[in-house]
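Now for the letters of each chain:
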Amino acid sequence: MDNQKIDLLINQLTLKEKAGLVSGTDYWFTEPIKRLGIESIMMTDGPTGLRKQADSADALGLNNSVKAISFPSSALTASSFDRSLLQKIGTQLGIAAKANHVQVLLGPGINIKRSPLGGRNFEYFSEDPLIAGELGKAYVTGVQSQGVGVSVKHFAANNRENQRFTVSSNIDERTLREIYLAAFENIVKNAQPATIMCSYNAINHHLNSQSQQLLTDVLRNEWGFQGLVMSDWGAVADHVKALQAGLDLEMPGKGEASTDEIVEAVNDGTLSEAQLDIAVRRILHLILSFQVQSDNQKVHYDLAEQHHFARQAAEESMVLLKNQDQILPLQQSDSVAIVGALAEHPRYQGGGSSHVNAFKITTPLEIARADDSNVPYAPGYTLKGANVDESLAADAVNLAKRADKVIFFAGVPEQDESEGFDKQGLELPENQNALIKQIASVNSNVVVVLQNGSAVTMPWISQVKAVLETYLAGEAVGEATWNVLKGVVNPSGKLAETFPLRLEDTPTYGTFDASLEEENYREGIFVGYRYYDAKKQPVLFPFGYGLSYTTFDYHDLIVNEIDGHKVEVKFKVTNSGKRAGKEIAQIYVANHVSRIEKPAKELREFKKVVLEPGETEQVAVTLPRRAFSWYNPDTNAWQVDNGSYDIEIGQSSAEIRLQQAIQLTWTKFKGIQVTENTYFADIIVQPKLSSALQASGLDKLLAKLQESPENAQLLENMPLRSAVMLGANNEQIAKFIRLANQ
């Protein structure tokens, strides 16, 4: 971008015009300055489909949005573990935005799924920051390849919906860095997003929109972010303080009130015009970088083609959770009955900013009947409320008695799961749970197909033979679901979140939404599988879990250190079954050396491979230094400790197939700062301190005590100052400390 042009424009702007630029002119547009040829640019919701308002509508105007493709939710596409797929989704969204003269797409949402009760979990990728960061990076790359900007959201630690405008997310620094900022850091450093959206909440009682540490110190000075920071809609409480902290654009603006408060602040010296100019410069850069180009009319934008791709994206992501006796895929000879109102009226998208005016919705029932017009169907339950309708249930049970197999469509109704509020529980509506059990009592071949935004409990899991998780699969839900059930597509998705057995088992139970004002992250870094591993807590389905219609073997693991700061991991995966399939190999690292709280293992890489029956592929990945690091808040730096690590290769977090240890010595040893509180265990293992021990006379005391194994163990767990109890004197201790630290 021509900085001279921006300088020229800034010099020509009046103070009032500058104040107008840093405040959105309405819900979706920046302020135009027509006398200088500065056009407004449009932004619109779009994490899973374009939600451009067809006319002048407010932020909640759903029915007035243009027709667009409803792509699968991020909860589903994350289960693909497929970077290339997410980049293609981003590309398609960028094409749609460009064709509709939208310059900034508000997405992706990459917040961590801290609790399965989070009302917006369907819009987010994962409980793991690597998945969220890698897939978010691919999405951003795809959108911006079309000359359309993105707004990565919601920065940061916005992990609940209730009281989201005012609640304080109270988090220790290590947890914030390792879990809640890591995905944003990855995307900022590797995809250069046009904008970042600042979230509503506070972190440790400091409102994010007014946090210089978050918006300037970390985001810009540390990570090198060059784009624009905008607010979530209505997140600005004090516009002047927000500008001083590093926020550039308030969305939406408050009209004259927004302009007047900025002009007044500059005039009375509360806000310097130089600080205002910084924000204005970034807004002008965004406007000039993404303004509508003359070639927009030439964009190839075919809704039918995008619908076809949306179907493929859903098929690539669906997760087969259970398949007892290989009841799936369905055979042509099977007598199949379909039960469940969601087969006819599917839940295919999220509520709020994810809600799209879909181009062409296909239902599972219509696709099944296109395949076989005689497929019988019974709704079984109503989607309005959870009460059992005895008549509907009886019809469904009678139908199930006459079929070889029953495909039962179950899920969470939209009124129970949306942006703006959190869920109350993990259960499906009682009318569905009760009917599944009834159906299973009269037919032993029940397949449950789930439509839901996040994890649910399954009290009937032992009574059904198969479960297919489709999440919110987008407008092509009918075709995609039926293609997986019939075996036209071999399922390859794996869960990007843990499904717990009970709400009471989750890491945030008892603390999530407990307070109207405080959200205390007491579980720290132990989120998702990190918690369940540490507590050895059984789960319904673990992170990374998913079945296929074929099988895979893992073998020949090789681990080597390269370049003194990387680890190369190679292993082979063989399709040992009879069908072509795709496998998601997961690479975890277990830290056995650092003397800190740490998970049993953490996902550090993943790779999706495509294999024909009998085919073998060698997977090779390189793990960087960061994969072995933890964030040390005392030094404000990422730290690698010398010692033993395990490389673990898994089909899920609970199914480790290969494992190998590696010793790393990447950190130059500088010795330790010895104090009276330094433990003998840390002194004994450091040869450089032997001369100080001899000079102070403490070596003789240690030698005598170490003659007995019991005494030696006791000694190691004592600090230096306690040596007086063992016969040393204060002068010896002081001399040793002085010599040890020279």
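The preceding data block contains the structure.
Every value quoted in this text rests on a predicted model; they were computed, and no experiment measured them. (Residues numbered from 1 in each chain as written. Predicted model: local features only at pLDDT ≥ 70, side-chain atom pairs only at ≥ 80, totals over all residues. Heavy atoms only, no water.)

Caption draft 1: Spatial organisation of the environment of Thr550. Of note, Thr550 is situated in the loop between α18 (529-535) and β18 (552-562). Spatially, the C-alpha atom of Thr550 lies 23 Å from that of Gln659, the residues being 109 residues apart in sequence. Apart from the residues within four sequence positions on either side, Thr550 is in contact with Asn490, Asn575, Gly577, Lys578, Arg579 and Gly581. At 3.4 Å, the side chain of Thr550 and the backbone nitrogen of Gly577 are in polar contact. (Helix = DSSP H or I, 4+ residues; strand = E, 2+ residues; numbered from the N terminus. Contact = heavy atoms within 4.5 Å. Polar contact = N/O pair within 3.5 Å; in protein donor to acceptor, adjacent residues only side chain to side chain.)

Caption draft 2: Fine view of helix α10 (residues 256-267). Relative to the 16 Å expected for 12 residues at 1.5 Å per residue, α10 spans 16 Å between its end C-alpha atoms, a close match to the ideal helical length. Residues of α10 that are buried make contact with α2 (15-21), α9 (239-245) and α11 (273-290). (Expected span 1.5 Å × (residues − 1).)

Caption draft 3: Representation of the pattern of salt bridges in the model. Going through the model one piece at a time under the given rule, you end up with 46 salt bridges. Across the pair Lys601 and Asp533 runs a salt bridge whose closest N-O atoms are separated by 2.7 Å. Highlighted residues: Lys601 in the loop between β20 (581-591) and β21 (602-611) and Asp533 in helix α18, separated in sequence by 68 residues. The burial state of Lys601 is the same as that of Asp533; both residues are buried. Across the salt bridge formed by Glu568 and Lys570, the nearest N and O atoms sit 3.9 Å from each other. (Salt bridge = Lys/Arg side-chain N within 4 Å of Asp/Glu carboxyl O. Buried < 20%, exposed > 50% of the residue type's maximum accessible area, 1.4 Å probe, protein only.)

Caption draft 4: Focus on the sheet that holds strand β22 (residues 616-623). Ordered by their spatial adjacency, three strands build an open sheet running β18-β19-β22, and the pairing between neighbours is antiparallel. Of all the strands in the sheet, the pair left with one neighbour each is β18 and β22. Taking each pair of neighbouring strands and ignoring which way they run, the sheet shows an average axis angle of 15°. Bridge analysis of strand β19 (residues 566-575) against β22 gives eight bridges, and the strand direction is antiparallel. In the strand pairing of β22, Thr574 is matched with Thr616. (Pairing = 2+ DSSP bridges. Axes fitted to C-alpha atoms, helices over the stretch in contact; angles between N-to-C directions.)

Caption draft 5: Here's a closer look at the side chain of Asn158. On the secondary structure map, Asn158 appears in the loop between β4 (149-155) and β5 (168-170). A distance of 3.2 Å separates a polar side-chain atom of Asn158 from the backbone oxygen of Arg160.

Caption draft 6: Representation of the packing of helix α1 (residues 3-12) against α11 within the structure. Two numbers describe how α1 lies on α11: the axes approach to 10 Å, and their chain directions differ by 125°. One element, α1, and the other, α11, form an angle in the oblique class. Here α1 runs over α11; the crossing is right-handed. Residues Asn3, Lys5, Ile6, Asp7, Leu9 and Ile10 of α1 pack against Asp277, Val280, Arg281, Leu284, His285 and Leu288 of α11. Its residues placed into classes, the contact of α1 with α11 shows six nonpolar, two polar and four charged. (Parallel < 35°, antiparallel > 145°, perpendicular 65-115°, else oblique. Left-handed = near helix turned anticlockwise from the far one by under 90°. Nonpolar A, V, L, I, M, F, W, Y, C, P; charged D, E, K, R; others polar.)

Caption draft 7: Inspection of the packing of aromatic side chains at higher detail. All chains considered together, the criterion is met by 17 aromatic pairs. Where Trp28 meets Trp233, the ring centres are 5.9 Å apart and the plane angle is 40°; that geometry is what we call tilted. Here the residue Trp28 occupies a position in the loop between α2 and β1 (43-45), and Trp233 occupies one in the loop between β9 (228-231) and α9, the gap between them amounting to 205 residues. This pair shows no difference in class: Trp28 is buried, exactly as Trp233 is. Put simply, the rings of Phe81, Tyr529, Phe543, Tyr588 and Phe606 touch in pairs and so form one group of aromatic residues. Positioned above the aromatic ring of Tyr521 is the side chain of Arg114, whose terminal nitrogen or guanidinium carbon lies 3.9 Å from the ring centre. The ring of Trp638 is capped by Arg626, whose NZ or CZ atom sits 3.5 Å from the centre of that ring. (Phe/Tyr/Trp six-rings, centres within 6.5 Å; stacked < 30°, edge-to-face > 60°. Lys NZ or Arg CZ within 6 Å of the ring centre and 35° of its normal.)

Caption draft 8: Helix α21 (residues 698-705), seen in detail. Considered for burial, the residues of α21 that qualify are Leu698, Leu701, Leu702 and Leu705. Seen from one end, α21 has its buried residues packed into an arc of 95°, which puts them on one side. Turned more than 90 degrees away from the buried face of α21, the exposed residues are Lys700 and Lys704. Residues of α21 that are buried sit in contact with α19 (680-684), α20 (690-696), α22 (709-716) and α23 (730-740). (Arc of directions from axis to C-beta.)

Caption draft 9: Highlighting the layout of surface pockets. In this model, the largest pocket occupies a volume close to 910 Å³. Along the walls of the largest pocket sit 23 residues, with Gln639, Asp641, Phe669, Gly671 and Ile672 positioned nearest its centre. Only β23 (630-632) and α19 provide two or more residues apiece to the lining of the largest pocket. Taken together, the residues of the lining of the largest pocket sort by class into nine nonpolar, eight polar and six charged. Lining the second largest pocket are 24 residues; nearest its centre among them are Leu130, Asn186, Pro624, Arg626 and Ala627. Broken down by secondary-structure element, the contributors of at least two residues to the lining of the second largest pocket are α5 (129-144), α7 (182-191), β21 and β22. Take the lining of the second largest pocket: its biggest share by element is five residues, from α7. Residues that form the lining of the second largest pocket fall into these classes: eight nonpolar, four polar and 12 charged. (1 Å grid on protein atoms, 1.4 Å probe; cavity = no way out; pocket = protein on both sides within 12 Å on 5 of 7 lines; lining within 4 Å. Points joined across faces, edges and corners; volume = space filled by probe spheres on them.)

Caption draft 10: Quick look at empty space enclosed by the protein. Scanning the model with the defined rule gives six cavities of 30 Å³ or more in all. Residue lining of the largest cavity: 14 residues in total, with Asn591, Glu602, Arg604, Phe628 and Ser629 positioned closest to the centre. Listing elements by their share of the lining of the largest cavity, those giving two or more residues are α6 (173-180), β20 and β21. Here the residues of the lining of the largest cavity are counted per class, giving seven nonpolar, two polar and five charged. Taken as a whole, the second largest cavity holds about 90 Å³ of empty space. Taken together, Lys113, Arg114, Ser115, Pro116, Asn121, Glu127, Ala455, Glu497, Thr498, Pro507, Gly528 and Tyr532 form the lining of the second largest cavity. Partitioned by chemical class, the residues of the lining of the second largest cavity number four nonpolar, four polar and four charged.

Caption draft 11: Quick look at the nonpolar core. In this structure, Phe155, Met230, Trp233, Leu276 and Leu284 are the most contacted members of the largest nonpolar core, which totals 115 residues. In terms of residues, this core owes the most to one element, α11, which gives nine residues. Apart from residues lying up to four places away in sequence, Leu276 is in contact with Leu15, Lys18, Ala19, Val22, Leu243, Ile262, Val266 and Leu271. One finds Ile407, Leu428, Val489 and Tyr545 within the second-largest nonpolar core, a separate group that totals 71 residues. (Core = buried A, V, L, I, M, F, W, Y, C linked by side-chain atoms within 4.5 Å.)

Interpretation note: all reported values are geometric properties and have no functional meaning in isolation.
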